[in-house]
There are 4 protein chains.
Amino acid sequence: MSNSFGQIFRITTFGESHGPAIGAILDGCPAGIVVDEDFLQQEMDRRRPGQSRITTQRQEGDRVRILSGVFEGKTTGTPIALVIENEDQRSKDYGHIAQSFRPSHADYTYETKYGVRDYRGGGRSSARETAARVAAGAIAKLFLKQQGISIQAFVSRVGTIQAPPYTELDLSKTEDNIVRCPHEETASRMIALIDEVRLSRDTIGGIVTGVIKGAPAGLGEPVFGKLHALLGSAMLSINAVKGFEYGSGFDGVSKRGSEHNDEFYTEGERVRTRTNHSGGVQGGISNGEDIYFNVAFKPVATIMQDQQSVNKDGNAVTVSGKGRHDPCVVPRAVPIVEAMAALVIADCTLLARSARA
Amino acid sequence: MSNSFGQIFRITTFGESHGPAIGAILDGCPAGIVVDEDFLQQEMDRRRPGQSRITTQRQEGDRVRILSGVFEGKTTGTPIALVIENEDQRSKDYGHIAQSFRPSHADYTYETKYGVRDYRGGGRSSARETAARVAAGAIAKLFLKQQGISIQAFVSRVGTIQAPPYTELDLSKTEDNIVRCPHEETASRMIALIDEVRLSRDTIGGIVTGVIKGAPAGLGEPVFGKLHALLGSAMLSINAVKGFEYGSGFDGVSKRGSEHNDEFYTEGERVRTRTNHSGGVQGGISNGEDIYFNVAFKPVATIMQDQQSVNKDGNAVTVSGKGRHDPCVVPRAVPIVEAMAALVIADCTLLARSARA
Amino acid sequence: MSNSFGQIFRITTFGESHGPAIGAILDGCPAGIVVDEDFLQQEMDRRRPGQSRITTQRQEGDRVRILSGVFEGKTTGTPIALVIENEDQRSKDYGHIAQSFRPSHADYTYETKYGVRDYRGGGRSSARETAARVAAGAIAKLFLKQQGISIQAFVSRVGTIQAPPYTELDLSKTEDNIVRCPHEETASRMIALIDEVRLSRDTIGGIVTGVIKGAPAGLGEPVFGKLHALLGSAMLSINAVKGFEYGSGFDGVSKRGSEHNDEFYTEGERVRTRTNHSGGVQGGISNGEDIYFNVAFKPVATIMQDQQSVNKDGNAVTVSGKGRHDPCVVPRAVPIVEAMAALVIADCTLLARSARA
Amino acid sequence: MSNSFGQIFRITTFGESHGPAIGAILDGCPAGIVVDEDFLQQEMDRRRPGQSRITTQRQEGDRVRILSGVFEGKTTGTPIALVIENEDQRSKDYGHIAQSFRPSHADYTYETKYGVRDYRGGGRSSARETAARVAAGAIAKLFLKQQGISIQAFVSRVGTIQAPPYTELDLSKTEDNIVRCPHEETASRMIALIDEVRLSRDTIGGIVTGVIKGAPAGLGEPVFGKLHALLGSAMLSINAVKGFEYGSGFDGVSKRGSEHNDEFYTEGERVRTRTNHSGGVQGGISNGEDIYFNVAFKPVATIMQDQQSVNKDGNAVTVSGKGRHDPCVVPRAVPIVEAMAALVIADCTLLARSARA
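Chemist: Before we move on, can you summarise the overall build of chain A with the specific residues and values?
Modeler: The helix and strand tally for chain A stands at seven helices and 18 strands. Taken along the three principal axes of its C-alpha coordinates, chain A extends 65 × 50 × 35 Å. In chain A, which comprises 357 residues, the proportion classed as buried is 71%. Total accessible area computed for chain A in this model is approximately 10,700 Å², and 46% of it derives from carbon and sulfur atoms.

Chemist: Can you tell me about the sheet that holds strand 11 (residues 241-246) of chain D, naming the residues and giving the values?
Modeler: Spatial ordering of the open sheet is given by 9(C)-8(C)-10(C)-16(C)-11(C)-11(D)-16(D)-10(D)-8(D)-9(D), a layout of 10 strands whose pairing is antiparallel. The open sheet is flanked by strand 9 (161-162) of chain C together with strand 9 (161-162) of chain D, the only strands paired with a single partner. Two elements, strand 8 (residues 150-158) of chain D and strand 10 (residues 206-213) of chain D, share eight bridges in a ladder whose sense is antiparallel. Counterpart to A153(D) in the pairing with strand 10 of chain D is G210(D).

Chemist: I'd like a rundown of the relation of the copies chain A and chain D, residues and numbers included.
Modeler: Mapping chain A onto chain D calls for a screw motion: a turn of 180° about the axis and a shift of 0.0 Å along it, with 0.0 Å RMSD after fitting. The superposition operator between the copies reduces to a two-fold rotation axis. The share of interface residues of chain A whose copies in chain D are also at the interface is 100%, consistent with both copies meeting through the same surface.

Chemist: Describe the interface of chain B and chain A, naming the residues involved and giving the relevant values.
Modeler: Every contact between the two is made by 106 residues of chain B and, on the other side, 107 residues of chain A. Here chain B packs against chain A, burying approximately 8,000 Å² in sum over the two surfaces, 58% of which is carbon and sulfur. Looking at the side of chain B facing chain A, the largest losses of area belong to K113(B), F224(B) and K242(B), adding up to 11% of the total buried there. Applying the counting criterion to the chain B and chain A interface returns four salt bridges. Across the salt bridge formed by R256(B) and E196(A), the nearest N and O atoms sit 3.3 Å from each other.

Chemist: How would you explain the sheet that holds strand 1 (residues 4-5) of chain D if you had to name every residue and give the values?
Modeler: All names here are of chain D. Taken together, five strands build an open sheet; the order of strands is 1-2-3-7-4 and the sheet is antiparallel. The sheet terminates laterally at strand 1 and strand 4 (64-66), the two strands that pair on one side only. Sheet topology note: the strand 2 (residues 10-15)/strand 3 (residues 21-27) ladder contains six bridges and is antiparallel. In the sheet register, I11 faces strand 3, and the bridge partner there is L26. Contacts between helix 1 (residues 37-47) and the sheet are confined to strand 4 and strand 7 (80-85), with strand 4 contributing the most and set at about 145° to the helix.

Chemist: Give me the lowdown on the pattern of salt bridges, citing residues and values where you can.
Modeler: The tally for this structure, following the rule as stated, stands at 104 salt bridges over all chains. A salt bridge links E129(A) to R133(A); the shortest N-O distance between them is 3.0 Å. Residues E129(A) and R133(A) agree in their burial class; the two are buried. Between R117(C) and D107(C) there is a salt bridge, and its shortest N-O distance comes to 3.7 Å. With R117(C) in the loop between helix 2 (107-114) and helix 3 (130-146) and D107(C) in helix 2, this pair connects stretches of sequence that are 10 residues apart. Across this residue pair, the class does not change: R117(C) and D107(C) are buried.

Chemist: I'd like a rundown of the relation of the copies chain B and chain A, residues and numbers included.
Modeler: Here two copies of a chain appear, and what relates them is a rotation about an axis with a shift along it. Under the fitted operation, chain B is carried onto chain A by 0.0 Å of movement along the axis and a turn of 180°, and the coordinates agree to an RMSD of 0.0 Å. With an isologous cut-off of 70% or more, the 100% of interface residues of chain B that recur at the interface of chain A puts this contact in the isologous class.

Chemist: Account for the interface of chain A and chain D, naming residues and giving values.
Modeler: Taken together, the contacts link 41 residues of chain A with 41 residues of chain D. Summed over both sides, the interface of chain A with chain D buries roughly 3,200 Å², with 62% coming from carbon and sulfur. Taken together, the links from chain A to chain D amount to two salt bridges. Across the pair R65(A) and E85(D) runs a salt bridge whose closest N-O atoms are separated by 3.0 Å. For the pair chain A and chain D, the interface holds eight residue pairs in polar contact (both at pLDDT 80 or more).

Chemist: An account of the packing of aromatic side chains is needed here, citing residue identities and associated values.
Modeler: One pass over the full model with this rule turns up 38 aromatic pairs over all chains. With a centroid separation of 5.2 Å and 40° between ring planes, the pair formed by Y166(B) and Y292(B) is classed as tilted. A residue pair is termed long-range when its members are at least 10 positions apart, and Y166(B) in the loop between strand 9 (161-162) and helix 4 (184-199) and Y292(B) in strand 16 (residues 291-297) qualify at 126 residues. Here the two residues Y166(B) and Y292(B) agree in accessibility, since each one is buried. Every member of this aromatic cluster is reached through a ring pair, and the members are F101(A), Y108(A) and F264(B). A cation over an aromatic ring shows up here: R274(B) above the ring of Y265(B), its NZ or CZ 4.3 Å from the ring centre. The ring centre of Y246(D) lies 4.1 Å from the NZ or CZ of K242(C), which sits over that ring.

Chemist: Give me the side chain of T75(B): which residues, what numbers.
Modeler: By the element assignment, T75(B) lies in strand 6 (residues 74-75). Among the polar contacts listed, one links the side chain of T75(B) to the backbone nitrogen of I33(B), at a separation of 2.9 Å. Dropping the residues within four chain positions of it, T75(B) is found in contact with C29(B), P30(B), A31(B), G32(B), I33(B), V35(B), G69(B), V70(B), I80(B) and V116(C).

Chemist: Describe in detail the packing of helix 1 (residues 37-47) of chain B against helix 3 (residues 130-146) of chain B, supporting the description with residues and values.
Modeler: Residue and element names in this part refer to chain B. One way to put it is that helix 1 packs onto helix 3 with a least axis distance of 9 Å and a crossing angle of 140°. Here helix 3 runs oblique to helix 1, going by the angle between their axes. The two elements helix 1 and helix 3 cross, and the hand of that crossing is right-handed. Note on element contacts: helix 3 touches helix 1 through T130, A131, V134, A135, A138, I139, K141 and L142, opposite F39, L40, E43, M44, R46 and R47.

Chemist: Hey, could you go over the pairing of strand 13 (residues 270-273) of chain B for me, with residue numbers and the actual values?
Modeler: All names here are of chain B. For strand 12 (residues 264-267) and strand 13, the ladder comprises four bridges, and the chain directions are antiparallel. Bridge assignment links Y265 to a residue of strand 13, and that residue is R272. Remark: two residues form the turn of the hairpin made by strand 12 and strand 13, two consecutive strands paired antiparallel; G268 in that turn has positive phi of roughly 60°.

Chemist: Would you mind going over unusual backbone geometry in detail, with residue names and values included?
Modeler: Following P222(B), the chain continues to V223(B) via a peptide bond in cis, the omega torsion being 5°. Within the fold, V223(B) resides in the loop between strand 10 (206-213) and helix 5 (227-236). Non-glycine residue R201(D) carries a positive phi angle of around 60°. According to the relative accessible area criterion, R201(D) is partly exposed, its value standing at 47%. You will see that A240(D), though not glycine, has its phi angle at about 75°, which is positive. Mapping A240(D) onto the fold places it in the loop between helix 5 (227-236) and strand 11.

Chemist: Before we move on, can you summarise the state of the cysteines with the specific residues and values?
Modeler: Residues and elements named next belong to chain B. Counted under the stated rule, the structure contains zero disulfides over all chains. Note on C181: no disulfide assigned, nearest cysteine sulfur contributed by C328 at a separation of 12 Å. Its relative accessible area of 0% is what places C181 among the buried residues. For C328, a relative accessible area of 1% puts it in the buried group.

Chemist: Run through the side chain of T130(B), naming residues and quoting values.
Modeler: Residues and elements named next belong to chain B. For T130, the location among the structural elements is in helix 3. On the basis of relative accessibility, which here comes to 0%, the residue T130 falls in the buried class. Excluding its chain neighbours within four sequence positions, the residues that come into contact with T130 are R47, N239 and I336.

Chemist: How would you explain the packing of helix 1 (residues 37-47) of chain C against helix 7 (residues 330-351) of chain C if you had to name every residue and give the values?
Modeler: Residues and elements named next belong to chain C. Interaxial distance between helix 1 and helix 7 falls to 7 Å at its minimum, and their mutual angle equals 135°. Classified by the interaxial angle, the pair formed by helix 1 and helix 7 is oblique. Residues E43, R46 and R47 of helix 1 touch helix 7, and the partners they reach there are R332, V334, P335, I336 and E338. For the contact of helix 1 with helix 7, a count of residues per class yields three nonpolar, no polar and five charged.

What counts, and where the lines are drawn
- Residues numbered from 1 in each chain as written.
- Chains lettered and ligands numbered in written order.
- Predicted model: local features only at pLDDT ≥ 70, side-chain atom pairs only at ≥ 80, totals over all residues.
- Heavy atoms only, no water.
- Helix = DSSP H or I, 4+ residues; strand = E, 2+ residues; numbered from the N terminus.
- Buried < 20%, exposed > 50% of the residue type's maximum accessible area, 1.4 Å probe, protein only.
- Areas by Shrake-Rupley, 256 points an atom, 1.4 Å probe, with all protein chains shown as cover.
- Pairing = 2+ DSSP bridges.
- Least-squares fit on C-alpha atoms with pLDDT ≥ 70 in both.
- Contact = heavy atoms within 4.5 Å.
- Buried area = accessible area lost by both parts, 1.4 Å probe.
- Salt bridge = Lys/Arg side-chain N within 4 Å of Asp/Glu carboxyl O.
- Axes fitted to C-alpha atoms, helices over the stretch in contact; angles between N-to-C directions.
- Polar contact = N/O pair within 3.5 Å; in protein donor to acceptor, adjacent residues only side chain to side chain.
- Phe/Tyr/Trp six-rings, centres within 6.5 Å; stacked < 30°, edge-to-face > 60°.
- Lys NZ or Arg CZ within 6 Å of the ring centre and 35° of its normal.
- Parallel < 35°, antiparallel > 145°, perpendicular 65-115°, else oblique.
- Left-handed = near helix turned anticlockwise from the far one by under 90°.
- Disulfide = S-S within 2.5 Å.
- Nonpolar A, V, L, I, M, F, W, Y, C, P; charged D, E, K, R; others polar.

Here it is in structure tokens:
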């Protein structure tokens, strides 16, 4: 079950970076959702390589083909198969890593676990796999839109450059620049930093912040399916992610209870909290406030510099990045974070239908 | 499946804070493990309330009764039922919250989701539920010990007081003080802070660091069962947790790839890395180095101060903590973090047996 | 997951025949169901040993204790732990099988699989485990009753004595005799046969027929969760079951399509079928007609006669049944079949809530 | 999870009869299995329509394309995506059922459950979906062959024509005739019956018997994952199946314990049983003897005769089979039964690796 995610609304992904195709089956998607294929492709384009000068220049059309589960433009309740052919399969670029282990890549661990690996472009461990998640996530978003729920993510940090809190930002501006930070001045500095890092043949990490608006109270399945545990699991499954926090997160540890607690009040019919250190989740269940969280991405492991390593025989070797890679992964990670969040919320929306007799 | 965790080595927990009992069924535990009941009880005692002046003074014996799955001192491969009777059921202490929602507790969300809740002591949302995890985790530890794997956790931070990195500490000293920080000088300051916070009728957060030593390369089931995603999911399911990071974690985002990458070298027959920003996990699979991670806990929501809130009818009310609560949760969270880590590693150990034909 | 059953409405059972207790956790039960404990106990009493002269004379009170998940008489949506203490633990009765393998029992296979077994009374392989299912199934029945769905089973065959088809019977008479066959004349012959078999120190098989009325169209989750596949899986998990068929079943293979097909017609607003060879299920989904099925039980393996076998060392031994056993299992299997059917239908009822957006 | 089957060795299928393609993802397949693509195609050809005069004359090449999980001819431990394009999409053939419900088909139940359906060729409810199972099952067979386990099925009954017990047959002759019954004289009578049924524009049912040889003792995960329960669930998920029995099956109900019990004896080092009414499974775990079972198939619902039915508006209509259909499904069901059995045994083989510490 290692390649499946979700209980009812559930994806199973497949595919290697340089195999014939990647894709996913989305099972448990309710019937009757109008599938806007243009929207699917837009989402794919947000993740696509080659979209701007600060991403890898590798070119992939990333066209999604729907093989099942949609009839006359609507989901039918049967599994939806999504396939994306790999167009750019320059396998010769990767011959140099067939025998060697790239530092901080998965070459060594896959080899050790399975005794065999598709070394071309990292094979299954390539972030290319996440394209399938974006396609399935787009369908989840269409379902959630019907329920009045929106999922947005943006780049809140690159290296040490930090954007203001999301509550001070206009998230509709996220797509206005190539780094996907809705704060224009910060975005400019982030882009400059990524340019500099790229020119020095290096890479840099960053943070993507996710915000879910319009989710009703009642989502989440404690004790092990706490909403934030599901979101955390989803985010930590994305390539290069090193950490997850929601609400006050790691900053919350320094706080006193008296300043951290979110007092309740009533706004019309609705129970609300005055502050939202809880991040919209209390006891693992959404409370109707914004759900927000941060996802930490490490610097990309492939750098255009010589590094010491070993090969399969245990001999010392020098490896160096070749080809076309991202200097910073976060701009392209934004739609991936959104997709995984959408899958979690869609699943929780269906699970919540069973809470009462 | 919301109260189950794990694929093969799998626990299902039950119980409310003030119901007759709490407990767990541990299914999928391999046969032939010698169950040291004294060890089980020791682990329970590390989590038990009333163990020191900086924890809640509520008293529970937390005696574990094994109802099945163990015969003549050994596991039999059949489900192991673990039951802990609730001795200290002062239900009247909790009458005041039957109608009101305590800030940053789960009262409101459970009520909204299920339309009914056991309000006594937080019911199912109480951290008392984690006692069952500690019992099951103790059995996981006994299994892992056979495999040469150890799981240790300690308090690395309380408020803003931070211990040195784990690599500079002697983890065998963790139990030497009541705050469970193996760095004596830091521990003293932590205890002083917790004392101060308690006297001010407030609470404070902290961080528990977990370290897994002796795990072989090959644990973890990408892409969704990445080892760190499973650990993250496990930790985020613990009450009051707000964040999880492993290896370089959130600090890693500020680093360049050239400083963050862990170069490989050979030590005898073994492939090792010179640094360990990866936290022992690459591509979601363990690489044989130490696995380490941080878990952020918020300040306990129950404070001995008046707070504004609302009741079920939406009217404003003042609520105030009563009874006996922890001023800081991290000292008692140490065995819980260890238990959840042990459950994850035990499960991954079994899953890894299927990696090759 | 071998001791769990169901997707959302899910039980996990535990316990050995002669351990301290048996029981189950029922997870995913919706909140708000009024739990009639008298009804629970009545169901237990229908399965209880010692209830009549044609069942084992072993005595167990089979009192169910609810440890969690029910508050002020109602389910709360949290896991319901059900525990039944084993009162009659005459372990000495079973010393003779500690080293030997009883024919057609699970002694040899458990020993071989796990390398250790609780041999007392068959341990985990004892049909005593099904008491936990009956307790959980009683709660499922209470839920289904709210939905207008009833589950009834009865003994339709003992040896070669066959009752008329269910459509010709008054199922309300099932409890009127000790063999649980609602056709009085057939029941008398069945009882006479069981008496005869018991006196000859032998055992005999039989068939239990299950009938589900009031189920709406739309239950079942093809392609692998077809309603009849879930029912079949449930029934085949009951001790001593050798076969399952629904609708026309094995007799259907001899039929022509033209006589087997169920033509549709309209009855008021409702689409119905004139015949019901489909057994209320088409394409794995209920169609609103009665769901009915047969479950074949082999003769009980424990007989009061000498049999040849081998012991753990591979040496030939003679084994002979001791103690108090059922000459025919079907009268006591009726509530077990009902319980398992109720668990399946409850789960499908919840799953069906996710069929449409 | 309705379109997934298996715990570790797990398939998820997709696809409609007349959509672009059908297929499956096989997750959890161990690394290192040599994938013989010719064997895969042979298995597909055994299920393929148009293979003989007694099957449907619909033509499909049923070429399997492997999109992932196999590298340089070997499985890599990553998910294996298998896709079969639908070539013969004569959608106009099915226009007549867009508004009407065919008797004993899934038209009505899918419509009722999902509110929408792909009516072309039965859509998802078509037996065409099983082609994906055969492809995945072929890989399971390759894995099992390494373990010395063989899976064979054959037609043991058509209508009332019954072959001798499998122990009296040479199963290597199964492919020698078009009906796949290894008893030549019986096969001739079966073929004659199917010819007669076809000419009368009708259909007929039958039984497929499965035999698993070489399985070690220890497979099966009681209590809910009993080996025969998993096999039963697998078989009952196949289109048109009405019943499952293993070992003595329904005939066993008429037997006395004294004649039904299988006595143990020792053959060299090995513990064996003199008879095998148990069907190779005791207490839900394999005992090392042959595992055998029967699967009952109803007559195909599509007949070339007028039948009364209703349409979506509830009005009476006459429907009649059109196009090219199987007069009897069992000859083509043989490889499907084998595939599902192989999937179960492969999964149990991996699960059994976790039985002991």
